[in-house]
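Given next are the chains, with one letter for each unit.
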Amino acid sequence: MTDATTLDEIRARLLEATLPDIAFDGWSGDIVGRASKSANIDPNAALLAFPKGADDMLVYFFTQGDHSMQTRLAEAPTPERIRDKISAAVKARLLADQDHREALRRAMAALALPGRANMAIKLTYQTTDLIWRWAGDRATDYNFYSKRTLLAGIIGSTRLIFISDESEDFAQSWEFLDRRIENVMQFEKLKASQADRLEKAGAFLKDAIGGAARWRYASRRSAASSD
């Protein structure tokens, strides 16, 4: 039996017990059974905590990472610029897994399997939505989705660098992150510029068509009067 009093305590103990072994065993098979033995938790209690086995444990792993990110952000000064907020949040999210990067690598591989596509989408949305809301985003139009899609790309690509980064204080990862954010900022500026040009071109075309129509109407009236 276990002295844990809540399911969440059991989940936390099971995950902590199994993370060192995931590098060898992965997020599959009887992962909950193995974790219950390592954590000295009753197998029935373990199954109650993670009834869907590896899938539930994967969701818990990423959700705990999100919680850790939120705690880190709450304890640190909040940057003023949006780009700095996004950078700080992505760093906080990645550092949540810094002690278990091999488990993270295997988790990313597990989520890439076809049967877990929906899970991967939901977990990615969960993280990006938490970051944008923390950053103060209030978008409700198409920008709501485009911002989260762009951020998902930033997090995913930076994670690939992070899991193998052996540079001091993950400097290589943060340099890559800064470049990705800069690329997105430049893209957004270009998109805004093109949108402004299209709006002006549309207004000009509307005025031109309206002027032509008025000229044509006036010409017809003049011709009718002459008759």
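Please refer to the structure placed before this passage.
As the structure is a prediction and not an experimental result, all values here were calculated from the model.

*Asks:* Pulling in residues and values, what's your account of the pattern of salt bridges?
*Replies:* Tallying each qualifying case throughout the model produces twelve salt bridges. The closest approach of N and O atoms between Arg-34 and Asp-25, which form a salt bridge, is 3.6 Å. Its relative accessible area of 29% is what places Arg-34 among the partly exposed residues. Looking at Asp-25, the relative accessible area reads 35%, which means it is partly exposed. Linked through salt bridges whose partners overlap, the residues forming this network are Asp-129, Arg-133, Asp-137, Lys-147 and Arg-148.

*Asks:* I'd like to hear about helix H5 (residues 82-95), residue by residue, with values.
*Replies:* For H5, spanning 14 residues, the distance from its first C-alpha to its last is 20 Å, which sits close to the expected 20 Å at 1.5 Å a residue. Residues of H5 that are buried include every one of Lys-85, Ile-86, Ser-87, Ala-89, Val-90, Ala-92, Arg-93, Leu-94 and Leu-95, and no others.

*Asks:* Describe the environment of Asp-99, with residues and values.
*Replies:* Note that Asp-99 resides in the loop between H5 and helix H6 (101-111). Judged by relative accessible area, which is 65%, Asp-99 ranks as exposed.

*Asks:* Run through the environment of Ala-76, naming residues and quoting values.
*Replies:* Checked against the element boundaries, Ala-76 lands in the loop between helix H4 (54-75) and H5. Counting along the chain gives twelve residues from Ala-76 to Ala-88, while the straight-line C-alpha distance between them is 9.4 Å.

*Asks:* I'd like a rundown of the packing of aromatic side chains, residues and numbers included.
*Replies:* Applying the stated rule across the entire model yields seven aromatic pairs. Ring geometry for Phe-50 and Tyr-60: centres 5.8 Å apart, planes at 65 degrees, overall edge-to-face. Remark: Tyr-60 occurs in helix H4 and Phe-50 occurs in the loop between helix H3 (43-49) and H4; sequence separation between them is ten residues. Owing to a relative accessible area of 1%, Phe-50 belongs among the buried residues under this scheme. Both rings, one in Phe-162 and one in Trp-174, keep their centres 6.2 Å apart while their planes meet at 25 degrees; by these two values the pair is stacked. Of the two residues, Phe-162 is situated in helix H8 (residues 142-162) and Trp-174 in helix H9 (residues 171-226); the sequence distance between them amounts to twelve residues. Take Phe-162 and Trp-174: they sit in the same class, and that class is buried. Three or more aromatic residues link up through ring pairs in this structure, and these residues are Trp-27, Phe-61 and Phe-62. Here Arg-101 stacks its cationic end above the ring of Phe-162, 5.7 Å away from the centre of that ring. Positioned over the ring face of Trp-132 is Lys-147, at 5.2 Å from the centre of the ring.

*Asks:* Before we move on, can you summarise the packing of H4 against H6 with the specific residues and values?
*Replies:* One can describe the packing of H4 onto H6 by two numbers: an axis separation of 11 Å at closest approach and a directional angle of 125 degrees. The angle between H4 and H6 falls in the class oblique. Crossing hand, H4 versus H6: left-handed. In this structure, H4 uses Leu-58, Phe-61 and Phe-62 to contact H6, whose residues at the interface are Leu-104, Ala-107, Ala-110 and Leu-111. Its residues assigned to classes, the contact of H4 with H6 comprises seven nonpolar, no polar and no charged.

*Asks:* Residue-level account of the side chain of Arg-101, with values.
*Replies:* Structurally, the position occupied by Arg-101 is in helix H6. Overall, Arg-101 belongs to the buried group, its relative accessible area being 16%. What Arg-101 contacts, discounting residues up to four positions off in sequence, is Phe-162, Ile-163, Ser-164, Asp-165, Glu-166 and Phe-170.

*Asks:* Now, about the packing of H5 against helix H7 (residues 117-134): what can you tell me, with residues and values included?
*Replies:* Where H5 meets H7, the closest approach of the two axes is 10 Å, and the angle between their N-to-C directions is 140 degrees. As judged from the angle between their axes, H5 and H7 are oblique. For the pair H5 and H7, the sense of crossing is right-handed. Residues Ile-82, Lys-85, Ile-86, Ala-89 and Arg-93 of H5 touch H7, and the partners they reach there are Thr-127, Ile-131, Trp-132 and Trp-134. Its residues assigned to classes, the contact of H5 with H7 shows six nonpolar, one polar and two charged.

How each quantity is defined
Residues numbered from 1 in each chain as written. Predicted model: local features only at pLDDT ≥ 70, side-chain atom pairs only at ≥ 80, totals over all residues. Heavy atoms only, no water. Salt bridge = Lys/Arg side-chain N within 4 Å of Asp/Glu carboxyl O. Buried < 20%, exposed > 50% of the residue type's maximum accessible area, 1.4 Å probe, protein only. Helix = DSSP H or I, 4+ residues; strand = E, 2+ residues; numbered from the N terminus. Expected span 1.5 Å × (residues − 1). Phe/Tyr/Trp six-rings, centres within 6.5 Å; stacked < 30°, edge-to-face > 60°. Lys NZ or Arg CZ within 6 Å of the ring centre and 35° of its normal. Axes fitted to C-alpha atoms, helices over the stretch in contact; angles between N-to-C directions. Parallel < 35°, antiparallel > 145°, perpendicular 65-115°, else oblique. Left-handed = near helix turned anticlockwise from the far one by under 90°. Contact = heavy atoms within 4.5 Å. Nonpolar A, V, L, I, M, F, W, Y, C, P; charged D, E, K, R; others polar.

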